[in-house]
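# A closer look at the structure
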Amino acid sequence: MGLRRLASNEPRVTVIEGTVNKLLEEGMLVTGVRYTPKDSEESVELRAALTIVADGHFSKFRKQLSGASVLVKSHFVGMLMRDCPQFQSNHAELVLAHPSPILIYRICPEWTRVLVDIRGDMPADLREYLTESILPQMPEHVREPFASAVDSGRVRSMPNCFLPPSAVRRPGVLLLGDAFNMRHPLTGGGMSVALNDVAIIRSLLKPVSDLADYQRTMDALATFWVRRKAHHAFVVNVLAQALYELFAATDENMMELRRACFRYFQLGGECVQGPVGLLSVLEPKPYKLIGHFFAVACYAMWIVFQRERLPRALLRSVSVLRSACGVIFPLIWSELRTMYLWG
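Description of the structure in this document.

The rules behind the values
Note that residues are indexed from 1 along each chain, following the sequence as it is written. Since the coordinates come from a predicted model, pLDDT governs what is reported: local features require at least 70, and pairs of side-chain atoms require 80 or more to be given and counted, while whole-chain, interface and lining totals use all residues. Only hydrogens and water are set aside when side-chain values are computed; all heavy atoms of the structure are taken into account. Residues grouped as a nonpolar core are buried Ala, Val, Leu, Ile, Met, Phe, Trp, Tyr and Cys residues, joined through side-chain atoms within 4.5 Å. Throughout, exposure labels follow a simple rule: accessible area from a 1.4 Å probe, protein chains only, divided by the maximum for the residue type, with under 20% read as buried, over 50% as exposed, and the rest as partly exposed. We count a stretch as a helix when DSSP gives it H or I for four or more residues in a row; a strand needs E for two or more, and each element gets its number in order from the N terminus. Note on contacts: a residue pair qualifies if any of its non-hydrogen atoms lie within 4.5 Å across the two residues. What makes two strands pair is DSSP finding at least two bridges between them. As a rule, the C-alpha atoms of each element are fitted with a line to give its axis, helices using only the stretch in contact, and angles between N-to-C directions run from 0 to 180 degrees. To pair, rings of Phe, Tyr and Trp, with the six-membered ring standing in for Trp, must have centres within 6.5 Å; the planes then decide the type, stacked if under 30 degrees apart, edge-to-face if over 60, and tilted in the middle. Between the first and last residue of a helix there are one fewer steps than residues, each counted as 1.5 Å, and that sum is the expected span. The directions considered for the arc run from the helix axis to the C-beta atoms. The patches reported here contain residues having more than 30% relative accessible area and no salt bridge. Joining distances are 9 Å for like charges and 5 Å for nonpolar side chains (Val, Leu, Ile, Met, Phe, Trp, Tyr). Here, Shrake-Rupley sampling with a 1.4 Å probe gives the accessible areas, and only protein chains in the shown set may cover a residue. The salt bridge criterion pairs a side-chain nitrogen of Lys or Arg with a carboxyl oxygen of Asp or Glu, the two atoms within 4 Å. Angles below 35 degrees are treated as roughly parallel, those above 145 as roughly antiparallel, those between 65 and 115 as roughly perpendicular, and all remaining angles as oblique. Residue type decides the class: Asp, Glu, Lys and Arg count as charged, Ala, Val, Leu, Ile, Met, Phe, Trp, Tyr, Cys and Pro as nonpolar, and the leftover types, Gly among them, as polar. Any pair of N or O atoms that falls within 3.5 Å is considered a polar contact. Within protein, one atom must be able to donate a hydrogen and the other to accept it, and sequence-neighbouring residues count only if both atoms are side-chain atoms.

Right, let's talk about the nonpolar core for a bit. Grouped together as the largest cluster of nonpolar side chains are 38 residues, with contacts concentrated most on Leu246, Leu257 and Leu289. Counting only elements with at least two residues in this core, the list comes to helix H6 (214-247), helix H7 (252-265), helix H8 (270-279), helix H9 (286-307) and helix H10 (312-342). Here the element with the most residues in this core is H6; it accounts for 9 residues. When near neighbours in sequence (up to four residues on either side) are disregarded, Leu246 contacts Met254, Leu257, Arg258 and Cys261. Residues Leu23, Leu65, Leu174 and Trp225 belong to the second largest nonpolar core, which totals 25 residues.

Okay, here's the thing in structure tokens:
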């Protein structure tokens, strides 16, 4: 935990390990927490002008503060493969298996992590499902270490959730991290969002000399909720969900879009540099995301016209465009809706 170690070494940081049991409240104002220290059974109260709640994926304070509901889109089943060869050094691999994608990436010279996406209900026997349904679809160089990991390794699962951000209009508290906003982990955007959020909120709170000045603090938080969206969160959230729908495609229209997506990348230039800038969060411009998405949709329509004859080509291309709109517009609305609610 490099980040935790670096933070704990800061002279103005005091690390306290324990389990938070409840938030301390005075009406709408959050004044601190009640927690049980590590290696103790007695609870202790800790008060502060600003309490940051970042208790992650399974936050027990999210509903109390925002009332937001988490939508579980699928589950990742993960394992560690030992001494797994790489298709290309220092690159992750994405396997477009049926019915959902698989991620493979090295975490150290000895170990490689594999994440198998499972949409819908989890299989009764995970190892049997991985052996019979997933193993035959794995790339040749991965099959042997994958089979060994299934047989002898520890198989773990976690839900892949979608949680649009919801403002917490209560003084004295700030919700951050997965407790505040989640998207499908396919693009690995969680840490990018978290670190960018911290950078923005730091710059906004820095001029506030007294965090107990709740009017100034709430003004800073209101600016944060809007600025993060334009700065990075809109792109990361929408891109993650849209790509998952594309890569987990089961109907013909979505598969048409998926094929067009990869052919679009093969055009090179801005057709690949733009999406890479979005995925890496180095250039997270909302207009670029929407532009590239509909460029892929139009390219898919053009491919249909190249393959089919009229009037079938026209009907088919309109159907593809409708499917594309059915993916992107609800995601855009989920982001814009929160801006309207905050305004």
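Turning to the sheet that holds strand S7 (residues 102-106), a few remarks are in order. The 5 strands are arranged S6-S7-S8-S5-S9 in an open sheet whose pairing can be described as antiparallel. Strand pairing shows two members of the sheet lacking a second neighbour, strand S6 (93-95) and strand S9 (156-162), which therefore form its edges. Pairs of neighbouring strands in the sheet enclose a mean axial angle of 25°, with direction left out of account. Helix H3 (residues 126-134) rests against strand S5 (71-82), S7 and strand S8 (111-118) of the sheet, and its axis sits at about 90° to S8. Strands S5, S6, S8 and S9 of the sheet are contacted by H6, whose axis makes an angle of about 75° with S5.

Reading across from one edge, S1-S2-S3 is the order of the 3 strands in this open sheet, with antiparallel pairing throughout. A strand with exactly one partner marks an edge of an open sheet, and here the two such strands are strand S1 (18-26) and strand S3 (44-47). Strand after strand, the sheet turns through a mean of 30° between neighbouring axes, direction not considered. Bridge count for S1 against strand S2 (residues 29-37) is 8 bridges, and the pairing is antiparallel. Note on S2: the bridge partner recorded for Leu23 is Val33.

A few words on the packing of aromatic side chains. Per the counting criterion, the structure on display carries 7 aromatic pairs. On the basis of an interplanar angle of 85° and a centroid distance of 6.0 Å, the ring pair of Phe262 and Phe265 is categorised as edge-to-face. Here Phe265 and Phe262 lie together in helix H7, a separation of 3 residues that amounts to about one turn. Phe265 gets classed as partly exposed once you look at its relative accessible area, which sits at 25%. Ring centres of Tyr299 and Trp302 lie 5.9 Å apart, and the angle between their planes is 5°; this geometry places the pair in the stacked category. Placement of both Tyr299 and Trp302 in helix H9 is noted, with a separation of 3 residues, approximately one turn of the helix. Its relative accessible area of 17% is what places Tyr299 among the buried residues. Judged by its relative accessible area of 44%, Trp302 falls in the partly exposed class. Each member of the aromatic cluster is reached from another via a ring pair, and the members are Phe247, Phe262 and Phe265.

Before going further, it helps to spend a moment on helix H5 (residues 190-205). In a regular helix each residue adds 1.5 Å, so 16 residues correspond to 22 Å; H5 covers 22 Å between its end C-alpha atoms and thus fits that length. Those residues of H5 not exposed but buried are Val193, Asp197, Ile200, Ile201, Leu204 and Leu205. The buried residues of H5 occupy an angular sector of 120° when projected down its axis, which confines them to one face. Elements that come into contact with the buried residues of H5 comprise strand S10 (173-175) and H6.

On to a nonpolar patch on the surface, then. A surface patch of nonpolar side chains, about 430 Å² in accessible area, is lined by Leu3, Leu6, Met191 and Leu195. Of all the elements in the fold, those that place two or more residues in the nonpolar patch are helix H1 (2-8) and H5. Mapped onto the secondary structure, Leu195 falls in helix H5. Using a relative accessible area of 48% as the deciding quantity, one classes Leu195 as partly exposed.

Right, let's talk about the packing of H7 against H9 for a bit. Running from N to C, H7 and H9 point in directions that differ by 105°, and their axes come no closer than 8 Å. Here H9 runs roughly perpendicular to H7, going by the angle between their axes. Across the interface between the two elements, Glu256, Leu257, Ala260, Cys261, Arg263 and Tyr264 of H7 pack against His292, Ala295, Val296, Ala297, Tyr299, Ala300, Ile303, Val304 and Arg307 of H9. Its residues placed into classes, the contact of H7 with H9 shows 11 nonpolar, 1 polar and 3 charged.

Glancing now at H3. Burial in H3 covers these residues: Leu126, Tyr129, Leu130 and Ile134. Angularly, the buried residues of H3 cover 95° about the axis, an arc narrow enough to put them on a single face. Buried residues along H3 sit in contact with S5, S7, S8 and helix H4 (140-152). For H3, the capping residue at the N-terminal end is Asp125, with a side-chain oxygen 3.3 Å from the backbone nitrogen of Arg127.

Of the consecutive residues His98 and Pro99, the connecting peptide bond is found in the cis state with omega at 10°. Of the consecutive residues Leu310 and Pro311, the connecting peptide bond is found in the cis state with omega at 0°.

Read these as spatial facts, not as claims about activity.
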